[in-house]
Each structure stands twice: as C-alpha cells, then as structure tokens.
Amino acid sequence: MSKPLGPYTPVVRAGYFIIVSGQVGAKDGALVDGGVAGQTAQALANLVDRLAEMGAGLTDVVKTTCFLIDMDSFATFNAAYIEGLGDHRPARSTVAVRELPVGAQVEIEAMAYKPA
C-alpha cells in the first residue's frame, strides 16, 4: 500500500462496513497519464487494492463519493467509471471541487458492506 498523503488511514472497517478514504489517480507516487480517464481508471484500481486489504471487492461497494475539479469532464469521468465498475452500480454522489491533492483531477472515496 502506498503511504497516505496526510494524517489519515486509507481504509478502515467499522463492523460490516469498509470505508475507503479518497483515492486519486496516482501510482508509485505520481499521477498517471491520460487525464480524467486515466486518473479515474487508476483511482478505481487503487480503490480495488484498498478493498482487497479488507477482503472485499468492487461488488461490495454500496456508495461512492466522487470529486472532479471540472464538471465539463463529467462525461469522460462517467465513461471511465462505468468501464471500471462493470455492471455494478453503487449509489453515488459527484461534486465539483476547486482543487484536489497533488494536482489530481479526480478523487473517489467509497463505502462497502462486507460482513466479516
């Protein structure tokens, strides 16, 4: 697991719930190429890794909160999000923010339900 950017835990279990802190499209400490699409794919890959640490997968995700720095990229983000999640459709909120850590264009946090 990569080191968090700040004083927080990347993933925690609370009873049957697994909460994953916001994941950006970075790998090996650097943002990936490919703009919003590439960063969304990598953020989802990072989310998969965090879930796996707790014995869960994407199909256990019940809610995501997604952050974009530019809502004009919403369609591009949606396409990459759908590709990454397949047929699974958790509840979701997507909000625009002024900026994200390390200059990211996308951040995704998630809550999963997985009885221990």
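**Student:** An account of the packing of aromatic side chains is requested, with residue identities and associated values reported.
**Tutor:** Considering all chains together, one arrives at three aromatic pairs under this definition. For the pair Phe17 and Tyr113, a centre-to-centre distance of 5.3 Å together with 65 degrees between the ring planes defines the contact as edge-to-face. Placement of the pair is Phe17 in strand S2 (residues 17-24) and Tyr113 in strand S7 (residues 106-113), with a sequence separation of 96 residues. The class of Phe17 is partly exposed, set by a relative accessible area of 33%. Look at Phe77 and Tyr81: their rings are 5.5 Å apart centre to centre, the planes differ by 40 degrees, and that puts the pair in the tilted class. Of this pair, Phe77 and Tyr81 both sit in helix H2 (residues 74-85), separated by four residues, roughly a single helical turn. In terms of burial, Phe77 and Tyr81 fall into one category: buried. In textbook terms, an aromatic cluster arises when at least three aromatic residues are bridged by ring pairs, as seen for Tyr16, Phe17 and Tyr113. Of note, Arg92 hangs over the ring of Tyr81, and the distance from its end group to the ring centre comes to 4.6 Å.

**Student:** Before we move on, could you go through H2 and cite the residues and values that matter?
**Tutor:** Taking 1.5 Å per residue, twelve residues should reach 16 Å; H2 reaches 16 Å between its end C-alpha atoms and fits that length. When we look at burial in H2, the residues that qualify are Phe77, Asn78, Ala80, Tyr81 and Leu85. Backbone geometry just after H2 places Gly86 at a positive phi near 65 degrees.

**Student:** Report on the pattern of salt bridges, specifying residues and quantitative values.
**Tutor:** Applying the stated criterion to the full structure yields three salt bridges. For Glu53, the salt bridge is made with Arg50, and the minimal N-O distance between the two is 3.0 Å. Of the two residues, Glu53 and Arg50 both sit in helix H1 (residues 35-53), three residues apart, roughly one turn of that helix. Accessibility expressed as a relative area gives 6% for Arg50, which makes it buried. One salt bridge in this structure joins Arg98 and Glu99, with 3.9 Å as the shortest N-O distance. Among the residues examined, Glu99 registers a relative accessible area of 55% and is labelled exposed.

**Student:** Lay out the pairing of S2 with the relevant residues and their values.
**Tutor:** When a strand is regular, its side chains alternate between the sheet's two faces. The buried fraction of S2 amounts to six of the eight residues, a majority that puts the element mostly inside the structure. Of the strand pairs in this sheet, strand S1 (residues 11-14) and S2 are connected by four bridges, and their pairing is antiparallel. Opposite Val11, over in S2, you have Val20 as the bridge partner. Sheet topology places S2 next to S7; six bridges connect them, and they run antiparallel. The partner of Ile18 across the bridge, within S7, is Ala112.

**Student:** Break down the nonpolar core for me, with residues and values.
**Tutor:** With 20 residues, the main nonpolar core has Ile18, Leu47, Leu51, Phe77 and Ile108 as its most contacted residues. Broken down by secondary-structure element, the contributors of at least two residues to this core are S2, H1, strand S5 (61-68), H2 and S7. Other than its neighbours up to four places away in sequence, Ile108 contacts Ser21, Gly22, Gln23, Thr40, Ala43, Leu44, Leu47, Thr64, Thr65, Cys66 and Phe77.

Reading guide: rules and limits
- Residues numbered from 1 in each chain as written.
- Predicted model: local features only at pLDDT ≥ 70, side-chain atom pairs only at ≥ 80, totals over all residues.
- Heavy atoms only, no water.
- Phe/Tyr/Trp six-rings, centres within 6.5 Å; stacked < 30°, edge-to-face > 60°.
- Helix = DSSP H or I, 4+ residues; strand = E, 2+ residues; numbered from the N terminus.
- Buried < 20%, exposed > 50% of the residue type's maximum accessible area, 1.4 Å probe, protein only.
- Lys NZ or Arg CZ within 6 Å of the ring centre and 35° of its normal.
- Expected span 1.5 Å × (residues − 1).
- Salt bridge = Lys/Arg side-chain N within 4 Å of Asp/Glu carboxyl O.
- Pairing = 2+ DSSP bridges.
- Core = buried A, V, L, I, M, F, W, Y, C linked by side-chain atoms within 4.5 Å.
- Contact = heavy atoms within 4.5 Å.

Geometry only, nothing functional implied.
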